[in-house]
Amino acid sequence: MTYASVDGLGVDLGEDGVLRLVLDRPEKRNALDDGMVAALIDAVDNAGRDEAVRVILITGSGDHFCAGFDIVGRNEPGGKKPSAGSIQRRLPSQAHRLIPLLLTVQTPVVCAARGWAAGIGLHLLLTADVAVVADDARLWEPFSERGFTPDSGGTWLLPRRIGEVRAREMLLLGRPVDGTEAAEWHLVHRSVPGADLDAAADTIAAELAQGPTVALGLTKWLMHAGASLTLEEHLRNEAFALELSSRTDDFREGITAFKDKRPPKFQGR
């Protein structure tokens, strides 16, 4: 697989197996546009099939993670206004494809955010297997203040992560949550001082990149799929996943390392 950066998104696969996706539109607080969403979809889709990728790390350049989608840019005065029905035709192949893809790709996803994470920017955080934010980050659902309804999975993701009461506070009352409170609510996995954010994210990504990639991906699949299955259906999936993971080189390495009383050296195969 080859990966290339585009306007607004830096894409780089390192020798450490970490695919780094950097939202790079700092003058707009990294607000997404159509090209950035398409490039994110392509990169994540390719990563899911690329054995060289062991972790996806999503960050933002500058002082903010992502201020949402650039609706101002789409509705600039003098520009061509979207026609009636265009949103519901467009979303399934754009934002509404990106969010499920991040949730289901069998590659661990890490997000690190400072500054604002609003709208789809917040929802990107919520798709991560591990999300770490700066203590003073601002996580916000702006929809009620803008007079339209949430998209990109916000009304599905938030109640499952923090419960309906707090989800209503964010979605209906538009209350921003800082990074420290977000960690206390379990909205994200942890918060750290802003100066420590990049190092914390790199440490998490490195730990996952050195893990048993196939087993981690199947575990992620089990947790996501299991939310809507009966116990009997879920146990069948567990048997299937165990069958696959126990045939990997990493499983054999894990058993050998256990016998040898040493840390395993997984290769992601």
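Check the entry above for the structure.
Quick notes on the rules
- Residues numbered from 1 in each chain as written.
- Predicted model: local features only at pLDDT ≥ 70, side-chain atom pairs only at ≥ 80, totals over all residues.
- Heavy atoms only, no water.
- Helix = DSSP H or I, 4+ residues; strand = E, 2+ residues; numbered from the N terminus.
- Rg over C-alpha atoms; globule rule 2.2 N^0.38 Å.
- Buried < 20%, exposed > 50% of the residue type's maximum accessible area, 1.4 Å probe, protein only.
- Areas by Shrake-Rupley, 256 points an atom, 1.4 Å probe, with all protein chains shown as cover.
- Pairing = 2+ DSSP bridges.
- Axes fitted to C-alpha atoms, helices over the stretch in contact; angles between N-to-C directions.
- Expected span 1.5 Å × (residues − 1).
- Arc of directions from axis to C-beta.
- Contact = heavy atoms within 4.5 Å.
- Parallel < 35°, antiparallel > 145°, perpendicular 65-115°, else oblique.
- Left-handed = near helix turned anticlockwise from the far one by under 90°.
- Nonpolar A, V, L, I, M, F, W, Y, C, P; charged D, E, K, R; others polar.
- Polar contact = N/O pair within 3.5 Å; in protein donor to acceptor, adjacent residues only side chain to side chain.
- Core = buried A, V, L, I, M, F, W, Y, C linked by side-chain atoms within 4.5 Å.
- Phe/Tyr/Trp six-rings, centres within 6.5 Å; stacked < 30°, edge-to-face > 60°.

Enquirer: How should the overall build of the chain be read in this particular structure?
Expert: A tally of helices and strands in the chain yields 13 helices and nine strands. Expected size for 269 residues packed as a compact globule is a radius of gyration near 18 Å; at 19 Å, the chain falls within 12% of this value. Over its C-alpha atoms, taken along the principal directions, the chain stretches across nearly 65 × 40 × 35 Å. Residues counted as buried form 46% of the 269 residues belonging to the chain. Carbon and sulfur atoms form 54% of the exposed surface of the chain, whose accessible area is close to 13,900 Å².

Enquirer: Could you clarify how one ought to interpret unusual backbone geometry in this entry?
Expert: Glycine aside, negative phi is the norm for most residues, and most peptide bonds take the trans geometry. Located in the positive-phi region is Arg29, a residue other than glycine, with phi close to 55°. Tracing the backbone shows Arg29 in the loop between strand 2 (18-23) and helix 1 (34-47). A residue is classified by how much of its surface remains accessible, and Arg29, at 39% relative accessible area, is partly exposed. Despite not being glycine, His186 shows a phi value in the positive range, around 65°. Along the polypeptide, His186 turns up in the loop between helix 9 (179-184) and strand 9 (190-192). Residue His186 is classed as exposed on the basis of its relative accessible area, which comes to 56%.

Enquirer: Teacher, can you tell me more about the sheet that holds strand 3 (residues 55-60) here?
Expert: Sheet strands pair via backbone hydrogen bonds, and the direction of the pair is either parallel or antiparallel. Ordered in space as 1-2-3-4-6-9, the six strands form an open sheet in which the pairing is mixed. With one partner strand each, in any of the chains shown, strand 1 (9-13) and strand 9 form the two edges of the open sheet. This sheet shows a mean twist of 15° between the axes of neighbouring strands, independent of strand direction. The pairing of strand 4 (residues 109-113) with strand 6 (residues 130-134) spans four bridges and is parallel. When the sheet's bridge partners are listed, Ala113 is paired in strand 6 with Val133.

Enquirer: For this particular structure, what's the right way to read helix 12 (residues 231-245)?
Expert: Every α-helix winds through 3.6 residues per turn, so residues three or four apart in the chain are directed the same way. End to end, helix 12 covers 21 Å across 15 residues, agreeing with the expected 21 Å (1.5 Å per residue, within 8%). The complete set of buried residues in helix 12 reads His234, Asn237, Ala241 and Ser245. In a view along the axis of helix 12, the buried residues occupy a sector of 70°, so they form one face of it. In helix 12, the exposed positions angled more than 90 degrees off the buried face are occupied by Glu232, Arg236 and Leu242. Buried-residue contacts for helix 12 involve helix 11 (213-226) and helix 13 (249-260).

Enquirer: What should I look at first to understand the packing of helix 1 against helix 4 (residues 95-104) in this one?
Expert: Geometry of a packed helix pair, given as the angle between the helix axes and the separation of the axes. Contact geometry of helix 1 with helix 4 gives a least axis separation of 10 Å together with a crossing angle of 30°. The orientation of helix 1 with respect to helix 4, classified from their angle, is roughly parallel. When you trace helix 1 past helix 4, the crossing you get is left-handed. Of the residues in helix 4, those touching helix 1 at Val37, Leu40, Ile41, Val44 and Asp45 are Ala95, Arg97, Leu98, Leu101 and Leu102. A per-class count over the contact of helix 1 with helix 4 returns eight nonpolar, no polar and two charged.

Enquirer: What's the story with the environment of Arg49 in this structure? I'm lost.
Expert: Assignment of secondary structure puts Arg49 in the loop between helix 1 and strand 3. Side chain to side chain, Arg49 and Asp45 meet in a polar contact 2.9 Å long.

Enquirer: I would appreciate a short explanation of the nonpolar core in the present structure.
Expert: A general tendency of soluble globular proteins is for nonpolar side chains to be buried together. Core analysis: the largest hydrophobic core is formed by 55 residues, its most contacted members being Leu21, Ile56, Phe65 and Leu125. Among the elements that line this core, the one with the most residues is helix 1, at eight residues. Residue contacts for Ile56: discarding those within four places in its chain leaves Leu19, Leu21, Val44, Ala47, Val105, Thr107, Pro108, Val109 and Val110. Grouped together as the second largest cluster of nonpolar side chains are 15 residues, Val18, Val110, Ala112 and Val132 included.

Enquirer: Sorry if this is basic, but what is going on with the packing of aromatic side chains here?
Expert: The geometry of an aromatic ring pair comes down to the distance between the two centres and the angle between the two planes. Across all of its chains, the model carries three aromatic pairs by this definition. Aromatic pair Phe143 and Phe148: ring centres 5.3 Å apart, planes at 80°, arrangement edge-to-face. Overall, Phe143 belongs to the buried group, its relative accessible area being 5%. By relative accessible area, Phe148 is classed as partly exposed at 36%.

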